[in-house]
Amino acid sequence: MNMTSARDTYPRHAQLPPPSRERYAPSPVSGKPRGEAVRTADGRELILRSIEPGDMAAVQRCFKRLPSQDVRRRFMHAMSELPSPMAQRLCRIDPELEAAYVLIDETVKPAELRGVGRIFVDIASNTAEFSVLVEREWTRIGLGALLMQRLVDECRRRGLSEIWGYVLMENRPMLDLCKELGFVAKMVPGEASTAQISLKL
Ligand SMILES: CC(C)(COP(=O)(O)OP(=O)(O)OC[C@H]1O[C@@H](n2cnc3c(N)ncnc32)[C@H](O)[C@@H]1OP(=O)(O)O)[C@@H](O)C(=O)NCCC(=O)NCCS
């Protein structure tokens, strides 16, 4: 299994990744999906792979651990719980229109989700909207940048012209992260609290 350092990929110029069928093909030996081992800047280990329907329980547990500020920053409004249909929807993606990468902590039982990044493709504009989340105790060690870079790479692989997302103006960590990755921010008309950040590909 290859070991990727979260910092190795940040900042860097995006490279075309191998096709997803090679990166995430089921392991012929164990029958388990193959992920990519990631070592964080402070030496912790995670598995990076595509999201799966079986991640629903981990997604719901992760949501329960989130501070309300992070829920609002990710979903753009307050939410006290993640309803099961929504969790299911987040885990059962349509690969034609979506991609989602998760960072799984397999050092605990059950394995826990520490981060997730996803894109949703808008065919009409040939762009994709992104979202990203890293669990608070796992922030500031390069994982947000790693996920964002994967999303940028995936958009390039799909031949999209732009990746974009909405970020609350008070969300300094995300605005700083995106600036570091070359995204530009613009105001959303009529929404003083929100910026639209984007990267032309
Ligand atoms: C924003 C978020 C994804 C950042 O994740 P992260 O794993 O901490 O990001 P990284 O460790 O890769 O940080 C990369 C850079 O982003 C910036 N950054 C990240 N967190 C920061 C913070 N708290 N304050 C200032 N800058 C910050 C820094 O420039 C950082 O580089 P540095 O650590 O070398 O200074 C994470 O805080 C998060 O999930 N927040 C809640 C959900 C959210 O806001 N999502 C975005 C809207 S879709």
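All of these numbers come straight from a predicted model, not from anything done at the bench.

1. A few points about the pattern of salt bridges
Two side chains carrying opposite charge are able to pair once their charged atoms lie near each other.
Reasoning step 1: According to the stated counting rule, one finds 18 salt bridges in the structure shown.
Reasoning step 2: Of the charged contacts, one joins arginine 49 and glutamate 52 as a salt bridge, the two residues approaching to 3.7 Å between their closest N and O atoms.
Reasoning step 3: Overall, arginine 49 belongs to the buried group, its relative accessible area being 11%.
Reasoning step 4: Glutamate 135 serves as the salt-bridge partner of arginine 114, at 3.2 Å between the closest nitrogen and oxygen. In this pair, arginine 114 sits in strand E5 (residues 112-122) while glutamate 135 sits in the loop between strand E6 (127-134) and helix H5 (143-157), placing the two residues 21 residues apart along the sequence. Each of the two residues, arginine 114 as well as glutamate 135, counts as buried.
Reasoning step 5: Shared partners join several salt bridges into a network, and the residues in it are Arg61, Arg65, Asp105, Glu112, Arg114 and Glu135.

2. So, the site of the ligand
Reasoning step 1: Around the ligand there are 21 residues in total, and Val132, Val134, Arg140, Gly144 and Asn171 lie nearest to it.
Reasoning step 2: The contact in question runs from an oxygen atom of the ligand to an N or O atom on the backbone of glycine 144, over 2.8 Å.
Reasoning step 3: One nitrogen or oxygen atom from the side chain of aspartate 176 is found 3.4 Å from a nitrogen atom belonging to the ligand.
Reasoning step 4: With the chains in place, 84% of the 910 Å² that the ligand exposes on its own is no longer accessible.
Reasoning step 5: Listing elements by their share of the shell around the ligand, those giving two or more residues are helix H3 (68-75), E6, H5 and helix H6 (172-180).
Reasoning step 6: By residue number, the principal contributor to the shell around the ligand is H6, which donates five residues.
Reasoning step 7: When the residues that make up the shell around the ligand are grouped by side-chain class, the tally is 10 nonpolar, five polar and six charged.

3. Points about the confidence of the model for the protein
Reasoning step 1: Overall, the predicted model of the protein reaches an average pLDDT of 88, with 84% of residues at or above 70.
Reasoning step 2: Counted against residues more than four places away or in other chains, residues 9-29, with its pLDDT under 50, gives 38 contacts.

4. Side note on helix H2 (residues 56-65)
Reasoning step 1: Of the residues making up H2, those classed as buried are Ala58, Val59, Gln60, Cys62 and Phe63.
Reasoning step 2: Check the buried side of H2 and you find it contacts H3, helix H4 (84-91), E5 and E6.

5. Structural notes on H4
Reasoning step 1: Here H4 has its buried residues at Ala87, Leu90 and Cys91. All buried residues of H4 fall inside an arc of 95° around its axis, so they share one side.

Conventions we followed
- Residues numbered from 1 in each chain as written.
- Predicted model: local features only at pLDDT ≥ 70, side-chain atom pairs only at ≥ 80, totals over all residues.
- Heavy atoms only, no water.
- Salt bridge = Lys/Arg side-chain N within 4 Å of Asp/Glu carboxyl O.
- Buried < 20%, exposed > 50% of the residue type's maximum accessible area, 1.4 Å probe, protein only.
- Helix = DSSP H or I, 4+ residues; strand = E, 2+ residues; numbered from the N terminus.
- Near = heavy atom within 4 Å.
- Polar contact = N/O pair within 3.5 Å; in protein donor to acceptor, adjacent residues only side chain to side chain.
- Areas by Shrake-Rupley, 256 points an atom, 1.4 Å probe, with all protein chains shown as cover.
- Nonpolar A, V, L, I, M, F, W, Y, C, P; charged D, E, K, R; others polar.
- pLDDT = per-residue confidence, 0-100.
- Contact = heavy atoms within 4.5 Å.
- Arc of directions from axis to C-beta.

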